[in-house]
Amino acid sequence: MDTDGTYGTDEKRPPRAGHVPRPAGPPPGLPPKPAHAPAGPGPSLADWLRTPRSSDGPGVWTYAHAPRPAEEPQVAAARTLLSGAVISLLACLLLWSLLRNGYIPYWRVPPRLFTPNDWWPPLGGEPLLGSAGDVTMRLYELVVVSGLLIGFGRLGNWAEAWRRLVVARGAVVQGVFAAVGALLSLWLLSQHAVPVRQLVYALMPLEGAGRERTASLVHSADIGVYAVVILLFVWIGLRRHPDVSRQSSHTPGSVASPGIAPGGPDDPVGWPQLRGAGLGEIADRLGAEAGSGRMNDVDYARIRRAWESVRADPSRAVAFADSVRDKGAGACVHPSGARDLPVRAARHDLLARQVLLGTVDDSARNPYGRRGTRLALDPAVLGTSLLAVGPSGAGKTRQLVRPVVESLALQALAGQAAVIAVAPAGAQLGPDTAYDVVVRVGDPESVYDLDLYGGTTDPDEAATLLAEAFVGDVPGLEVRRAATALAQLLGPFRTAYGRFPAVPELRELLDRVPGALDVLRTALEGAGQHVMLRELDARERQQGAPGDPGPALADRVALLDRPAFAGFFDTTGQGRPFSLRALEHPLRVRIDLPERGHADASRILARLLLAQFNASAAARTDRSLFAFLAFDDASHTLTPQTVRGLQRLRSANAGVLLTLRTLDDVPEALRTPLLGAVGCRMAFSGVTTWDGKRFAEAWGTEWVETRDVTHRTVFADQPLTRAIHAFRKLVTGKAVTTDAVTVRQVERERWSASDLAHAVPPGHAVLSLTSVQGERAAPLLVRLSATG
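Bear in mind the structure is a predicted one, so any value in this text is a computation, not a measurement.

Here's the deal with the overall build of the chain
Within the chain, the regular secondary structure consists of 27 helices and 16 strands. Pairs at least 24 apart in sequence give 75% of the contacts found in the chain among residues at least 6 apart. Total accessible area computed for the chain in this model is approximately 38100 Å², and 56% of it derives from carbon and sulfur atoms. Positive and negative side-chain charges of the chain, numbering 85 and 79 respectively, have mean locations separated by a distance of 7 Å.

Examining the confidence of the model for the chain
In low-pLDDT segments, the atomic positions of the prediction should not be examined closely. Of the residues in the chain, 90% have a pLDDT of 70 or more, and the chain-wide mean is 85. Scored below 50 in pLDDT, residues 1-30 makes 57 contacts in the model with residues more than four places away or belonging to other chains. In the predicted structure, residues 245-256 sits below a pLDDT of 50 and forms 19 contacts with residues beyond four places in sequence or in another chain.

Digging into the pattern of salt bridges
Applying the stated criterion to the full structure yields 35 salt bridges. With a closest N to O distance of 3.1 Å, Arg499 and Glu505 form a salt bridge.

A word on the packing of helix α23 (residues 640-648) against helix α24 (residues 668-677)
Axis angle and axis distance: for two packed helices, these are the angle between their axes and the distance between the axes, and together they describe the pair. Contact geometry for α23 and α24: axes closest at 9 Å, N-to-C directions at 15°. The angle between the axes of α23 and α24 places the two elements in the roughly parallel class. In the packing of α23 onto α24, the handedness of the crossing is left-handed. Every residue of α24 that contacts α23 at Pro640, Val643, Leu646 and Gln647 is listed here: Leu670, Pro673, Leu674, Gly676 and Ala677.

Details of helix α8 (residues 211-238)
With 28 residues, α8 extends 41 Å from end C-alpha to end C-alpha; this agrees with the ideal 40 Å at 1.5 Å per step. The secondary structure elements touched by the buried residues of α8 are α6 (171-190) and α7 (196-203).

Focus: a nonpolar patch on the surface
Nonpolar side chains collect at one region of the surface, where Leu82, Val86, Leu89, Leu90 and Leu93 lie side by side and expose about 430 Å² of accessible area between them. As for its placement among the helices and strands, Leu93 is situated in helix α2 (residues 78-100). According to the relative accessible area criterion, Leu93 is partly exposed, its value standing at 43%.

Describing the packing of aromatic side chains
According to the stated counting rule, one finds eleven aromatic pairs in the structure shown. Between Phe493 and Tyr497, the aromatic rings sit 4.7 Å apart at their centres with planes inclined by 45°, giving tilted as the arrangement. With Phe493 and Tyr497 both in helix α17 (residues 479-497) and four residues apart, this pair spans about one turn of that helix. Residue class for Phe493 comes out buried when judged on its relative accessible area of 6%. One aromatic cluster is present, formed by Trp96, Trp107 and Tyr140 through successive ring pairs. Directly above the ring of Trp48 sits Arg53, whose terminal nitrogen or CZ lies 5.2 Å from the centroid.

Side note on helix α13 (residues 317-327)
Working note: α-helix, 3.6 residues per turn, so residues spaced by three or four point in the same direction. Of the positions making up α13, those classed as buried are Phe320, Ala321, Ser323 and Val324. The buried residues of α13 occupy an angular sector of 165° when the element is viewed end-on, so they sit on one face. In α13, the exposed positions angled more than 90 degrees off the buried face are occupied by Val318 and Asp326. The elements touched by buried residues of α13 are α10 (272-276), α11 (280-292) and α12 (297-312).

Here's the deal with the nonpolar core
If you look at the biggest cluster of nonpolar residues, it comprises 92 residues, and the most contacted ones within it are Phe569, Phe578, Ile591, Phe613 and Phe631. Looking at this core, the element that brings in the most residues is helix α22 (residues 599-619), giving ten residues. Counting residues in each nonpolar core, the second largest holds 75 residues, with Ala321, Leu375, Leu767 and Leu780 among its members.

Thoughts on unusual backbone geometry
Notably, Tyr106 is not glycine yet its phi reads approximately 65°, a positive angle. Structurally, Tyr106 can be placed in the loop between α2 and α3 (109-113). We note that Phe569 has phi near 55°; this positive angle belongs to a residue other than glycine. On the secondary structure map, Phe569 appears in the loop between α21 (550-560) and β8 (577-578).

Basis of the calculations
Residues numbered from 1 in each chain as written. Predicted model: local features only at pLDDT ≥ 70, side-chain atom pairs only at ≥ 80, totals over all residues. Heavy atoms only, no water. Helix = DSSP H or I, 4+ residues; strand = E, 2+ residues; numbered from the N terminus. Contact = heavy atoms within 4.5 Å. Areas by Shrake-Rupley, 256 points an atom, 1.4 Å probe, with all protein chains shown as cover. Lys, Arg positive; Asp, Glu negative; His and termini not counted. Charge placed at Lys NZ, Arg CZ, Asp CG, Glu CD. pLDDT = per-residue confidence, 0-100. Salt bridge = Lys/Arg side-chain N within 4 Å of Asp/Glu carboxyl O. Axes fitted to C-alpha atoms, helices over the stretch in contact; angles between N-to-C directions. Parallel < 35°, antiparallel > 145°, perpendicular 65-115°, else oblique. Left-handed = near helix turned anticlockwise from the far one by under 90°. Expected span 1.5 Å × (residues − 1). Patch = residues over 30% accessible without salt bridge, like charges linked within 9 Å, V, L, I, M, F, W, Y side chains within 5 Å. Buried < 20%, exposed > 50% of the residue type's maximum accessible area, 1.4 Å probe, protein only. Phe/Tyr/Trp six-rings, centres within 6.5 Å; stacked < 30°, edge-to-face > 60°. Lys NZ or Arg CZ within 6 Å of the ring centre and 35° of its normal. Arc of directions from axis to C-beta. Core = buried A, V, L, I, M, F, W, Y, C linked by side-chain atoms within 4.5 Å.

Have a look at this one:
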C-alpha cells in the first residue's frame, strides 16, 4: 500500500514545500537485525509477540511485567522465625511426652466413650494386641500426634521457616536438613515414641502365628515403615518450593502471566485481525514472513499501523492487500526505504511503543509496588512533556535523550511518530543514516537548510514566531510590540516580492539602511498596494521612538547575518529548507546547532524551533502521528509564551523533551511555571540544593507514619530489684530503661532538596511521570541503564 507522505512510493518527484524530504543518506539494503529484542540474542519475533504485556501504572515496562502487591507483606525476621519454630517444636515434643508417659490423665478416654464396650477389657486395662480396641487406640494416638504436629507447626510457622531458612539456602542445605530429619524420625520410630509401628502391628494377623512367623512379619513391617519414612524425606530433600523457584526468575511477590499459545485464535503471529476481515491469504503471507525471520519488529509495527489506517479508510484495503502480496514484510515501507535503524543503543518494545530507561531502585524510598520493576517511556507519558535537570556528565544525552529519540525514530519508521532532535554539533544522537533530514546550521556541507519562517505564508504568524525567538528573552521588551514591528516589514516585503526577506534583507530593513525602504516603497507603489504602504509608513514613524523594538531586533538578526551562515535561511527557493510544517509526515530529523562558535545564534534558533513546533503541532489537521521535539540542551530557550504553549501540546498529540544543566538557565520568573507545565520531571544525580528545592516543591508532600522511641530509666523500689539493676548496669555499662513508642502520621516532602542533592547515587535519577490520561507515578529513584 503506497500512500504519499505515509508509506513508500516508487515515483521520483522534486521536493516540494510541506512534503517529506528524502533521507539524509542512502537508504540501507536489507534491514539489519536490531541489537535488542526481539532479534539478536533475545527471543525470536514470534516469542516476542506472544509474550504477555501488562501495566499497573505509567512508566511500567509492560513486556513480561509481573505486577507486585501494592503493600509490602509482613514478613517475620529470620531470627524470630527460627526461634518460633524451635520453641514450638520443643513444646510439641514436651506435650507429647507428658501425654505418652501418663502425666496428663484421661486423654485416652474418648475412644472408649464412642466404641462398643466389648472392645475393651474390664477395669480400664489395655486392649489385647490386634483387637478392635487396640486398632482404635493406635489410630487415636496417631490422630493426636498428627494434631499436635499440625497445631504447633502452624503456631511456629514451620512451613515458612523451612522455605526461608532451609530451601532458600540451596539444595545442599535442604538435603542435609532432610537427612537429619530422617534420622531423627527413624530414631523416634525405633523407640516407639510415635505410634506408627504399633498401628501396623495391630493391623497384621499376628494372633496364632508362631514365634518365627511373628518375628518375620514384624521385621518386614519395620522395613516397610522405615522405607516409607526414608522415601518421604528424600522427596522433601529434593522438592523445590514453587515460591522459591519463582523468586529466582521474577520479582518477589509477583506472578507472571502466561503467554499466548502458538497457533491459537489470538496468536499475533497469525494476524487474527486480518483473518477476521476475510484476508486469510494476506495473513498467511505475513505469518510466513514472521516465521522465516524475514520480518522484524519495525515491519510488524509498520504493517499493523497500515492496517489501522485501512480500518479507518476502507478504500485503502485493495492497495494494502496488493502491497503485502507483492512485498511481504517490506510492504507499506517508510518513504526513506529503511526498515530499521543502523544501530540501536537501547532496548525497545515497538508493540507497546516503549523504550527501556532503567530499573526502579529496590529501596525504601520507592513504593513497594514499583521496587525492582523496569521503567520505560512511551508517547502516553512523553505527551505531557519531560523536563530533565542534571549537571554535565550526569548522563542526560546518553541515558535519556538518545534512547527517547531512537525510540521515536523507530516509531517514525513504523508510521506512528515524527521526531525532531535539536542538539549542539557533535552530540551523540546516532549516525546520520538514522535520520531522514540532517540540518547542520553553519556547515557548508549541509544538504538541508532551515526555514526561518516555519513554512507559513502569513506575515503576522511569521512575525510572532520571529519576535519570540529574537527578543523573547529580553527583559522589559514586549514581544507583542516586536511582532508588530516585524509584521510591518514582512507583510509589505512579501506583497512586493512574493516571498519573505532573507536574513541580510531583514537586517537592512531593521537597520534603516539608506535605499532599502525606498526600494520597497517603490515596488509597493508600482503594484498599487496602498494598504501595505500604510504598514510601511507606520514602521517608519515608530523608528527611533522611545521603546522602539527595532534596534533590539536588528541586533539579534545581526547574529544570524554572519559569514558562517552565508547560504542558510534562503527564501528564494534555491535551497532545500526543512520546515516544521512537515510534522504531519513520519519524519526523523536532527538539527545540529553551532553552539561552540555561535552560542547566541544557537539560542535564537532553539527558541525559534520551539516556538515553531508549538505552533505547527497545534495547527495540524491530522494528529494521528505523535510529534516530538527533543532538546539536548534547552538552556536560555524558554520564554513565557513557549512555556504556556507546552501545556497545549497534550491535546495535540505532541510533546517536548527539555534537558538543562541547572534551572538557573531559565529565567527565575519561569522556573515554577515550567515545572508546572510539564507532566514528567527528572532530577539527575548531582543537582544543587537550589534546583532540588524547586523539584521538592513541585513533587509536594505525603503522609508517612513515624515512630518515636523514648528511653526512660527505671528506678526500682525493692532492695533485691535495685541490686539486680546495679549488677546489670555493672555488666552492660547501661542503665535499665523502658521504651515508650509513639506512632503518628506526619506530612513530609516526598524528596527534600537535601536528599536530591546528596542522596541520589551516580547513574541514578529521580523521575515522576504523568500520562496524558492523568495517571500519575510518584517520584521514583531509578537506576538508569538504557544504553548498555
